[in-house]
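What the coordinates show
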Amino acid sequence: MGAVTAQASIEQIRADVSRRKIFDKLFVVVGMLVMFSALLVLAVLFIDLVQKGAPRLNLEFLTQFPSRKPERAGILSAWVGTSLIMLTTAAITMPIGVAAAIYLEEYAPKNWFTAIIEINVTNLAGVPSIIYGLLALGLFVYQFNLGQTILTAGLTLSLLILPIVIVATRESLRAVPRPIREAAYALGATRWEVTAHHVLPYSMGGILTGMIIGLSRAIGETAPLITIGALSFIAFLPQSPITAEFPFLSFAWLKDAFTAMPIQMFNWVSRPDPEFQVNAAAAGAILLGMTLLMNGIAIWLRYRYRKRINW
Amino acid sequence: MNQSTPISMAGSVPGLAYRKLRDRVIESLLLGAALVAVFTTLAIVFVLVRESLPFFEHVSLRDFLTDTMWTPLFADARYGILPLVAGTMVTTLVALSVAIPCGTLIAIYLSEFAPHRLREVIKPALELLGAVPTVVYGYFALMMVTPFLQKLIPGLPGFNMLSAGLVIGIMIIPYVASVSEDAMRAVPNYMREGSYAMGATRFQTATRVVVPGALSGIAAAYILGISRAVGETMVVAVAAGLQPNLTWNPTEPAATITAFIVQVSLGDLPHDSIGYQSIFAAGLVLMLMTLVFNIAGFTLTRRFRQAY
Amino acid sequence: MKYTTLVSAATLVFAGLAFGPQADAQVIKIDGSSTVFPITEAVAEEFQIEKRGKIRVTVGISGTGGGFKKFCRGEIDIQDASRPILTAEMEACRAAGIKYYELPIAYDALTVAVSPKNTWVNQITVDELKKIWEPAAQGKITRWNQVNPKWPNEEIVLFGAGSDSGTFDYFTEAVVGKAKASRGDFTGSEDDNVLVQGIANNKNALGYLPYAYYEPNASRLKAVPVVNKAGKAVGPSLDNVINGSYEPLSRPIFIYISEKAAQKPEVREFVQYYLTKGVPLIEEVKYVPLPKQAYDLAAKHFKEGKLGTGFGGVPEVGLKVEELLAREAKL
């Protein structure tokens, strides 16, 4: 009797499994469809921008200053401004975001005070970017007297993307299995040593994810930058970070006025002259290209970190 | 978790006192960093409240919360916030109806099904979706999505919440997908292996073992995405129109709180006028909305957090 | 160790900030309206080229409101304004001790436009416009024949400027008689290119937009001549605006220069340049220049130190620029 039921069950099980395997295959199809549709949107956008902006996508466009004549108007000050701002933002957000996430994940006791901090962080992700601009105007530009400079822009955008970096970093810290921490503690490591030597290296991948998503968001922001005083016409560059005299490195550029790529785009797209639309499309294509480059570096770094994980 | 050192060795381990002190200092530095978030919120609330006080002296709270028209810039001004709230909520709901299913699906696919090589290529490509400047998305919604939708839905107005919502949804897919996928990858392999050993298919493992195991991370990803959708500014300003309209129908044009704020702050209004101050009152409402539902999400994730 | 590198990097940054040299070159700071921006940008560009980069000019687009705020705090030298300074802003400037020159520099003519497929409207009166746009029309005046029985029984689809803009204020003041008094059910947009598209594609559309946006799109839109005070239907064109027959929909746009800034020689040079060599540029960027006497008069006022505004903090409609310049200016 046992053999008979076992026989029937095996066939049932086989039938069951093959049925469910169909679901599996179905899901693969659906998954790939959804994924490629999303990517299709990106491709359509990019191709559209490149097509419309093709006449202006040349070296002159990258090396000319803005102008009232569309064929002379270029994005030199804009892409330099954006690059410098991104550098500043990354330099500010990385330490603060990672430090905050480490605190919340590794050190904070589970009390109401911590809960308040956590709710705060996610709440800030929902504040519209223009409000950050208004806050920065009152706080950084006026109160701290930092003026309408690249430093202010960097600080504003850092605040904007801080919640993203913190959330993503926390998730990646949480992903490190407990046994690893416990093993380190068991050997007498202090909490900081556990975090810095054992947890952080493994979670670098996720941290970089957060930075990528955050910086990608920051690079495309228009409204807060205009509010703190980003310019739309500036025909000269900020001072160079590399100088001819000792110590060869200068931070004077942090105090300079600036413009940024999305602002230039926004300005051109609202002009009546239809030729400016071409410029705007070209600027958009280049902005996407810059983001791609930035992401590419971070992604390569993340890939290298991810390879080391095998649990 | 308490630091534990064998009591008898406490004094004799070299450098322990230094390490403990260093740890304390570092802990306070880290706390300081975490408090930056709190200070930012306090600063924002302070600015919003201070600037809206003159507004509320002029407009009663009841009118603000119950009036159905928002025309603060017209000669006969009406100050009901409901049309803006409705606009925000409808666009967000449309966005979420795209982003949550698609994002989760993509995350599951990438984490459980996709071959390793494919994953390493697709993940960054998806993150690029979040990198497109919001102005570009706005014009994309207006110039491409709307005409396309107008073929499907005849009579669709040139400005509508459906286009804007759909594009916002596409824009936040990377938030949902990437962070969820990280959370799912964090589920240890032995749990998957246990499930496979029982004869489950990949789909069953994904839905019954991995997703529940990563639920708190997935919820965090959702909340991040929702917050982002609610706070989106340029896409709605360009594609949904700027006329406040109290409606739940996404095919109509409407203004969201964020679109209104950006419109006024970059416009020609003098900065001490009541029309200008209305943006701070609107911003305050937006912050409260996000707060209410962050708290809700937070209590939910606390409950679902799994330890393994 | 990663942590120490982070800390040392941060210290370097702040040290650099403390010791970095101040930006020194002469810079003229301009901000304000995005309507006036194209003109100021053109002038700034040519001026910088002529000065071979020795004097630098930067221009922002925080909006007329945002620009005045900065202007009345002494942060910018010149303010681009698409409307005159209002009472509240005059107070702010007075409180901060900022005195200023008000110089009109161009016309912004509003064009009433319909789709080229619209065959029935060949001219329109201010009364008809009022009937369409006044607040009482909301929900009630929805068909063309309600405005003029000779027009067909078709739906009117309305397009206009965003309600926070000077264009909106001016149109409502000129047509309805009271600034910001308008019906609410129209498609408003900050981006006038969007309005062009909307009007061009809809047979039943009617909208108003700046002349600078109509002119390059003249093949896609049909401008409707407006019947002026003398009873003549006048269409928007460069000549008609300059000679004053296209009214009431022409308004002057301004630059304001602070007295303190005017003491700097580079600012004085720039303003002189604006009012002389800058004038041909105005037409180049598709705006309408003022008559030559207006620029000469404005330059004279600037040289003689005639401070203040001729509007008294309240905007006006249908004012000829020569009248404005002849007025008593108050701070």
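Reading guide: rules and limits
Residues numbered from 1 in each chain as written. Chains lettered and ligands numbered in written order. Predicted model: local features only at pLDDT ≥ 70, side-chain atom pairs only at ≥ 80, totals over all residues. Heavy atoms only, no water. Disulfide = S-S within 2.5 Å. Helix = DSSP H or I, 4+ residues; strand = E, 2+ residues; numbered from the N terminus. Buried < 20%, exposed > 50% of the residue type's maximum accessible area, 1.4 Å probe, protein only. Phe/Tyr/Trp six-rings, centres within 6.5 Å; stacked < 30°, edge-to-face > 60°. Lys NZ or Arg CZ within 6 Å of the ring centre and 35° of its normal. Polar contact = N/O pair within 3.5 Å; in protein donor to acceptor, adjacent residues only side chain to side chain. Contact = heavy atoms within 4.5 Å. Domains from an automatic or database assignment. Buried area = accessible area lost by both parts, 1.4 Å probe. Salt bridge = Lys/Arg side-chain N within 4 Å of Asp/Glu carboxyl O. Nonpolar A, V, L, I, M, F, W, Y, C, P; charged D, E, K, R; others polar. Pairing = 2+ DSSP bridges. Core = buried A, V, L, I, M, F, W, Y, C linked by side-chain atoms within 4.5 Å. Axes fitted to C-alpha atoms, helices over the stretch in contact; angles between N-to-C directions. Parallel < 35°, antiparallel > 145°, perpendicular 65-115°, else oblique. Left-handed = near helix turned anticlockwise from the far one by under 90°.

Some thoughts on the state of the cysteines
All names here are of chain C. In this structure the tally under the stated criterion is one disulfide over all chains. A sulfur-sulfur separation of 2.0 Å characterises the disulfide bridge that pairs Cys72 with Cys93. As the torsion about the S-S bond is roughly -80°, the Cys72-Cys93 disulfide counts as left-handed. Of this pair, Cys72 sits in the loop between helix H3 (63-71) and strand E3 (78-81) while Cys93 sits in helix H4 (residues 87-96), and the two are 21 residues apart along the sequence. For Cys72, a relative accessible area of 5% gives the class buried.

Topic: the packing of aromatic side chains
Going through the model one piece at a time under the given rule, you end up with 34 aromatic pairs over all chains. Relative to Phe270 of chain C, the ring of Phe47 of chain C lies with its centre 5.1 Å away and its plane at 80°, an arrangement referred to as edge-to-face. Here Phe270 of chain C lies in helix H12 (residues 265-275) and Phe47 of chain C lies in helix H2 (residues 37-50), a separation of 223 residues in the sequence. For the pair Phe47 of chain C and Phe270 of chain C, a shared accessibility class is recorded, and that class is buried. Here Phe47 of chain C falls in the buried class, since its relative accessible area comes to 1%. Connected via pairs of aromatic rings, a cluster forms that spans Phe55, Phe56, Phe64, Trp70, Tyr79 and Phe260 of chain B. Over the aromatic face of Tyr107 of chain A sits the side chain of Arg191 of chain A, whose NZ or CZ is 5.4 Å from the ring centroid.

What to know about the side chain of Ser163 of chain B
All names here are of chain B. In this fold, Ser163 is placed in helix H6 (residues 161-185). In this structure the side chain of Ser163 is engaged in a polar contact, spanning 2.7 Å, whose partner is the side chain of Thr146. With sequence-adjacent residues up to four places away left out, Ser163 is seen in contact with Ala141, Val145, Thr146 and Leu149.

Section: the domain arrangement of chain A
All names here are of chain A. For chain A, the domain assignment lists domain 1 (1-56) and domain 2 (57-308). Just the C-alpha atoms count here: the centres of domain 1 and domain 2 sit 35 Å apart. Counting from both sides, the interface comprises eight residues of domain 1 and, opposite them, 16 residues of domain 2. With both chains or domains summed, domain 1 and domain 2 bury close to 950 Å², and 65% of this area falls on carbon and sulfur atoms. It is Phe46, Leu49 and Arg56 in domain 1 that bury the most area against domain 2; as a group they hold 69% of the surface buried on that side. One can count zero salt bridges joining domain 1 with domain 2. For the pair domain 1 and domain 2, the number of links is seven residue pairs in polar contact (both at pLDDT 80 or more). Class assignment for the residues of the side of domain 1 that touches domain 2 results in five nonpolar, one polar and two charged.

Here's the deal with the pairing of strand E11 (residues 250-258) of chain C
Residues and elements named next belong to chain C. With respect to burial, E11 is a largely interior element, nine of its nine residues being buried. Neither face of E11 is open: one carries Ser250, Pro252, Phe254, Tyr256 and Ser258, the other Arg251, Ile253, Ile255 and Ile257, and all of them are buried. Summarising the sheet, E3 and E11 pair through four bridges and their orientation is antiparallel. Looking across to E11, one finds that Gln79 is bridged to Tyr256. The sheet contact formed by strand E4 (residues 100-114) and E11 spans nine bridges and is antiparallel. Directly across from Pro104, in E11, lies its bridge partner Phe254.

Here's the deal with the nonpolar core
Counting 298 residues, the largest nonpolar core has Tyr137 of chain B together with Ile39, Trp133, Ile257 and Phe270 of chain C as its most contacted members. Those residues in contact with Tyr137 of chain B, other than ones at most four positions away along the chain, are Leu45 of chain A together with Leu129, Val132, Val167, Ile170, Met171 and Val235 of chain B. By size, the runner-up hydrophobic cluster in this structure holds 15 residues, among which are Cys72, Ile85, Tyr100 and Tyr256 of chain C.

Some details on the packing of helix H4 (residues 112-124) of chain A against helix H6 (residues 150-174) of chain A
Residues and elements named next belong to chain A. Between H4 and H6, the shortest axis-to-axis distance is 8 Å and the interhelical angle comes to 125°. The angle between H4 and H6 places the two elements in the oblique class. H4 and H6 meet at a crossing whose hand is left-handed. Here H4 contributes Glu118, Val121, Thr122 and Leu124 to the contact with H6, which in turn contributes Pro163, Ile166, Val167 and Arg170.

A closer look at the environment of Gly97 of chain C
Following the sequence through the fold, Gly97 of chain C ends up in the loop between H4 and E4. Note: C-alpha distance between Gly97 of chain C and Cys72 of chain C (25 residues apart in sequence) is 8.4 Å.

A short note on the interface of chain B and chain A
Taken together, the 98 residues of chain B in the interface contact 89 residues of chain A. For the pair chain B and chain A, the summed buried surface comes to about 8,500 Å²; carbon and sulfur atoms form 73% of the total. At the junction of chain B and chain A, the tally comes to three salt bridges. Between Arg22 of chain B and Glu193 of chain A there is a salt bridge, with the nearest N and O atoms lying 3.2 Å from each other. Where chain B touches chain A, the interface holds twelve residue pairs in polar contact (both at pLDDT 80 or more). Examining the composition of the side of chain B that touches chain A, we find that 19 residues originate from one element, helix H1 (residues 16-58) of chain B, more than from any other.

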